[in-house]
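# A closer look at the structure
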Amino acid sequence: MATEQLTVEQAGRVFADAGAYTDERRFHDACRLLRRKAPISLVEAEGFPPFYALTRHADVMEVERNPEVFRNLPQPVLMETERERIVRQAGDLATLVHMDDPDHRRYRGLTADWFQPSSLARLEARLAELARRAVDRMAALGGECDFAVDIATPMPLEVIMSILGLPEADYPKMLQLTRELFQGDDPEFARGTTFEEFMTVMYDFFQYFGALVDERRARPTDDLASVIANAVLDGEPIWPFQQISYYVIIATAGHDTTSFSMTGGLQALIENPDQLDRLRKDPGLIPTAADEMIRWVSPVRHFLRNAVAPAEISGQRFDVGDRLLLSYWSANRDEDVFDDPFRFDVGRKPNRHLAFGFGAHYCLGAVLAKMEIRALFAELIPRLRSIEPAGPPALSRSIFVGGHKHLPIRYELG
Ligand code: HEM
């Protein structure tokens, strides 16, 4: 449907429509209309609880600046009413995104140092090695591959598994479990949608990570899993449920997001050969290119906040219990903040994108994610002689974390 014919009500419903996220043009047309005509709009979509969609950069930031009023609990992510009921019945996780202060600050503090640039610097050589392995794998595939499946999925998974100190033999299991949890709307990845099916995914996670806690308590190493397994708050060890939730958020938040940024970033380079050329000629642009890829893809499509006191943003009043959907993808195309937002610009600076969120919950893994993306492209770009599509790309059906799940390419590597 052409943008002009689209009503504000129809446009708002894209946020609850997993199919809309598979069609970038349709999604962005709707967001463009909303930013112009109804930047904060009440959405009533069948099967979902009502929510306000926030599409402008300034409004998203304003909400994130006020975590006392706009809280993550009780519902940090938009779900169908029925799924929300199932998750509540099962007992939701207790990850950082399921916490507000004071708990959030205390639990985040347990690993915050580990994710500081100074601690992550020691991973630099390992990331370069994994990037080299990834591009060698691409070369071994003989000039054609599905970049999403063959390259961009394994590399961030290898990073997460190695920082958690997990064995290579478990990679496929972890990939399957994290996809089942995060990509549950996409039939290619979902185990199912019933209460029982959801519970079996959770059960598998708890069994796997429960064994990891026991192991790292008995024999601590210097990995992140040991930090979490041996964490102490107020003189007491943290509960197994909180520990396992911690592993789950790191395992899930840590790889699909980065994989999608890599694949969407490469797709943008293929579609904008002038930008690929720029990057070839000036590899010093890799850091700004990585940031631009993350803005472009915005793989975390949204988070929700819940109003716990009456409040007002840009003239819109909110009552206790209102839900606010922060559309990072829309905020990252806001014409008021980005010069020519639909231009993919590997040298974009400044790049005030909100793909990692903002404020108290700002992505814990942001530095790591950027290091990974830089490492891959620093290895790939100088070796890439030519590249073109080898079939249609496909985006995942997901209203929460999404991006390209397939990107068939043909290429020559040096
Ligand atoms: C390009 C890749 C990534 C993107 C776009 C991304 C995006 C986000 C966003 C939007 C949030 C919520 C921020 C908010 O509510 O304001 C978040 C939180 C989080 N991310 Fe990431 N992320 C990425 C990679 C990673 C990686 C590699 C890790 C870990 C290894 C990670 C771990 C986390 C954790 C633990 C949180 C929860 C933080 C909190 O609630 O305090 N993320 N991420």
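Up top you'll find the structure we're talking about.
In this text, all values refer to a predicted model and were calculated from it rather than measured experimentally.

### Quick word on unusual backbone geometry
Cis rather than trans, the peptide bond between Asp101 and Pro102 has omega equal to 5°. Counting through the fold element by element, Pro102 comes out in the loop between helix H4 (81-90) and helix H5 (103-112). Cis peptide bonds are those with omega within 30 degrees of zero, and the linkage from Lys349 to Pro350 qualifies with -5°. If you check the backbone angles, Asp234 has positive phi at about 50° while not being a glycine. Following the sequence through the fold, Asp234 ends up in the loop between strand S5 (232-233) and strand S6 (236-237).

### Looking at the coordination of the iron atom of the ligand
A lone protein donor binds the iron atom of the ligand: Cys363 (SG), at 2.3 Å. Within the fold, Cys363 resides in the loop between helix H16 (328-331) and helix H17 (366-383).

### Considering the pattern of salt bridges
Per the counting criterion, the structure on display carries 31 salt bridges. Across the pair Asp29 and Arg32 runs a salt bridge whose closest N-O atoms are separated by 2.9 Å. Pair noted here: Asp29 and Arg32 are both in helix H2 (residues 24-37), with a separation of 3 residues, about one helical turn. Of the charged contacts, one joins Glu82 and Arg85 as a salt bridge, the two residues approaching to 2.7 Å between their closest N and O atoms. With Glu82 and Arg85 both in helix H4 and 3 residues apart, this pair spans about one turn of that helix. Residue classification places Glu82 among the partly exposed positions, given a relative accessible area of 43%. Three or more residues are tied together by salt bridges with common partners; here these are Arg126, Glu129, Arg133, Arg137, Glu158 and Glu168.

### Some thoughts on the layout of surface pockets
Reported here for the largest pocket is a volume of approximately 310 Å³. Lining the largest pocket are 20 residues, and of these Glu24, His28, Glu271, Trp296 and Trp329 lie nearest its centre. Secondary structure elements with two or more residues in the lining of the largest pocket: H2, helix H13 (240-271) and helix H15 (286-297). Top element by residues in the lining of the largest pocket is H2. It accounts for 5 residues. Here the lining of the largest pocket is built from residues that sort into 7 nonpolar, 6 polar and 7 charged.

### Overview of the environment of Asn72
For Asn72, the location among the structural elements is in the loop between strand S3 (70-71) and H4. Residues Asn72 and Leu96, 24 residues apart in the sequence, show an inter-C-alpha distance of 9.4 Å. Apart from the residues within four sequence positions on either side, Asn72 is in contact with Val97, Met99, Asp100, Arg305, Asn306 and His361. Within polar-contact distance, the side chain of Asn72 engages the backbone oxygen of Val97 at 3.0 Å.

### Brief notes about the packing of H4 against helix H11 (residues 195-218)
Where H4 meets H11, the closest approach of the two axes is 10 Å, and the angle between their N-to-C directions is 50°. Comparing their axes, H11 and H4 come out oblique. Seen from above, H4 lies across H11 with right-handed handedness. Where H4 abuts H11, its residues Arg83, Ile86, Val87, Gln89 and Ala90 lie against Phe195, Phe198 and Met199. Of the residues that constitute the contact of H4 with H11, the class distribution is 6 nonpolar, 1 polar and 1 charged.

### Here's the deal with the environment of Gln10
Among the secondary structure elements, Gln10 is positioned in helix H1 (residues 8-12). Looking at Gln10, the relative accessible area reads 30%, which means it is partly exposed. Spatially, the C-alpha atom of Gln10 lies 8.8 Å from that of Val43, the residues being 33 residues apart in sequence.

### Notes on H2
The end-to-end C-alpha distance of H2 is 20 Å, a good match for the 20 Å that 14 residues give at a rise of 1.5 Å each. For H2, the set of buried residues is Phe27, His28, Asp29, Ala30, Cys31, Leu33, Leu34 and Arg35. Turning to H2, the residues buried within the fold contact H1, strand S1 (40-43), strand S10 (323-327) and H16.

The rules behind each value
- For every chain, the first residue of its written sequence is number 1, and the numbers climb from 1 along that sequence.
- In view of the model being predicted, local features appear only for residues whose pLDDT reaches at least 70, and side-chain atom pairs are presented and counted only at 80 or more, with totals across whole chains, interfaces and linings using the full set of residues.
- Excluded from the side-chain calculation are hydrogens and water; included are all heavy atoms of the structure.
- By the criteria applied, helices consist of DSSP H or I runs no shorter than four residues and strands consist of E runs no shorter than two, each listed in order from the N terminus.
- Metal donors: N, O and S atoms at distances within 2.8 Å, or within 3.2 Å for Na, K and Ca, with water omitted from the atom set so that some sites may seem incomplete.
- We count a salt bridge whenever a side-chain nitrogen from Lys or Arg sits within 4 Å of a carboxyl oxygen from Asp or Glu.
- Burial classes follow relative accessibility: with a 1.4 Å probe on protein chains only, a residue under 20% of its type's maximum area counts as buried, one over 50% as exposed, and anything between as partly exposed.
- Buriedness for pockets is judged along seven lines, at least five of which must meet protein on both sides within 12 Å for an open set on the 1 Å grid over protein atoms alone, while cavities are sets there where a 1.4 Å probe fits but cannot get out, and lining residues have an atom within 4 Å of a point.
- Grid points are joined across faces, edges and corners, and a volume is the space filled by probe spheres set on the points.
- Each residue is assigned to one class: nonpolar for Ala, Val, Leu, Ile, Met, Phe, Trp, Tyr, Cys and Pro, charged for Asp, Glu, Lys and Arg, and polar for all the others, Gly among them.
- Contacts are residue-level and defined by heavy atoms, with any inter-residue pair within 4.5 Å sufficient.
- A 3.5 Å cut-off defines polar contacts: any pair of N or O atoms within that distance qualifies, except that in protein one atom must be a possible hydrogen donor and the other a possible acceptor, and neighbouring residues in sequence count only when both atoms are side-chain atoms.
- A fitted line through C-alpha atoms serves as each axis, taken over the contacting stretch for helices, and the angle formed by two N-to-C directions is quoted from 0 to 180°.
- Any angle from 65 to 115 degrees is called roughly perpendicular, while one under 35 is roughly parallel, one over 145 is roughly antiparallel, and all others are oblique.
- By definition, turning the near helix anticlockwise from the far helix through less than a right angle yields a left-handed crossing, and turning it clockwise yields a right-handed one.
- Helices are assigned an expected span. That span is 1.5 Å times one less than the residue count.

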